[in-house]
Amino acid sequence: MPDNSNYFPLISEHSLFDAAILANGDYPTHAIPQTILHRTHPLVCCDGAGSEAISRGLMPTAIIGDGDSCPNDVKSAYAHLFHQVEEQDDNDLTKATRYTLERLLSTAHKAKIAYLATTGKREDHTLGNIALMVRYYRQYHIIPTLITDYGNFTIAQDTSLFETHPRQQISIFNLSCSSLSGEGLRWPPYPFQEYWQGTLNEALGDQVTIHANGLYMIFRNW
C-alpha cells in the first residue's frame with residue numbers, strides 16, 4: 001500500500017484541512033463544500049469573496065487581494081482583516097495561498113488546503129484555478145484539494161491509492177507521467193497524451209490504485 005502521502009480518502013463533510021481558501025467564483029451550494037467551508041479555520045478569502053462570506057455569516061481570518069473587487073464599505077469596516085497586495089504577477093488565489101503559508105500555517109509539514117468557489121462565472125478563471133493546483137503542489141509543497149459542487153480535484157504523484165465508491169465517476173489528467181496504469185477502474189488507464197483521454201472513467205469498487213512515475217490530477221465526483 002502507498003504511504004500516507006500517497007493515500008487519498010474520500011472527501012466528505014468530515015474531511016479535515018489545515019486551512020480553507022475561498023475564491024470569488026460560484027459560492028458553494030452542495031452540502032460537502034458548504035460544511036468544509038464553515039468548519040475549517042483559518043479561512044482566507046480572495047478580495048470580493050470576503051464580502052460574500054461575511055454576508056453569509058462567516059468571519060474570514062483574512063481577506064487578500066488588490067482590492068478591485070472588494071466593496072469600499074467592507075474594506076473600511078473590516079480593515080483589520082484586509083491585506084492589500086498590489087502586485088499583478090499573481091492572481092488573488094495565489095496571493096491568498098502565499099499569505100496562508102507565510103502567516104498562518106506551520107511549515108513543518110505539507111499543509112492540506114481546501115480551495116472553494118474557484119469555478120463558475122468565468123471559464124478562463126476556472127481553467128486557470130484548476131491549473132494552479134499543480135503549481136501549488138510543486139512550488140509551495142502543499143496538498144491542495146479543489147472542491148466544487150460536483151466533486152473535487154486532487155494532485156498526486158507516483159503510485160497512489162484513492163478511496164472510492166462503486167460507480168463513482170473519475171477522471172485522470174496526466175501531467176508528467178511516461179508510465180501510468182491502474183487497478184479498480186472500468187477502463188484501464190495509460191500514459192495519456194491529451195487531457196480528454198483520461199476523463200469519464202468509473203470506479204468498480206471501494207478503491208482505485210494508480211501506478212505512475214510522475215504527476216497527475218484526479219477528479220472524483222460526489
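The rules behind the values
Numbers given to residues run from 1 along each chain, matching the order in which its sequence is written. For a predicted model such as this one, the threshold for reporting local features is a pLDDT of at least 70, and the threshold for listing and counting side-chain atom pairs is 80 or more; totals across whole chains, interfaces and linings nevertheless cover every residue. The side-chain numbers reported here are obtained from all heavy atoms of the structure, hydrogens and water having been left aside. Any two strands between which DSSP finds at least two bridges are classified as paired. Helix numbering and strand numbering both begin at the N terminus, where a helix is a DSSP run of H or I of at least 4 residues and a strand a DSSP run of E of at least 2. UniProt positions are given in the numbering used here, feature names are shortened, and annotations may be inferred rather than shown by experiment.

By the naming in an unreviewed UniProt entry, the chain goes by Thiamine diphosphokinase and is assigned to Segatella buccae ATCC 33574.

1. Description of the sheet that holds strand S9 (residues 160-163)
In spatial order, the strands read S1-S9-S13-S11; together these 4 strands make up an open sheet with mixed pairing. The open sheet has two edge strands, strand S1 (7-8) and strand S11 (180-183), and neither has a second partner. Two elements, S1 and S9, share 2 bridges in a ladder whose sense is parallel. Considered in S9, the bridge of Phe 8 is made with Phe 162.

2. Some thoughts on the sheet that holds strand S10 (residues 169-174)
The sheet built from 10 strands is open, its strands ordered S5-S4-S3-S2-S6-S7-S8-S14-S10-S12 with mixed pairing. At either end of the open sheet lies a strand with only one pairing partner, and these are strand S5 (82-84) and strand S12 (201-202). Across 3 bridges, the pairing between strand S2 (residues 19-22) and strand S3 (residues 43-46) is parallel. Within S3, the residue paired with Ala 20 across the bridge is Leu 43.

3. Let's talk about the UniProt feature "domain: Thiamin pyrophosphokinase-like substrate-binding" (unreviewed entry) in the chain
Within the UniProt annotation, "domain: Thiamin pyrophosphokinase-like substrate-binding" (unreviewed entry) is assigned to residues 151-219. Taken end to end, residues 151-219 comprises 0% helix and 49% strand; its first and last C-alpha atoms sit 7 Å apart.

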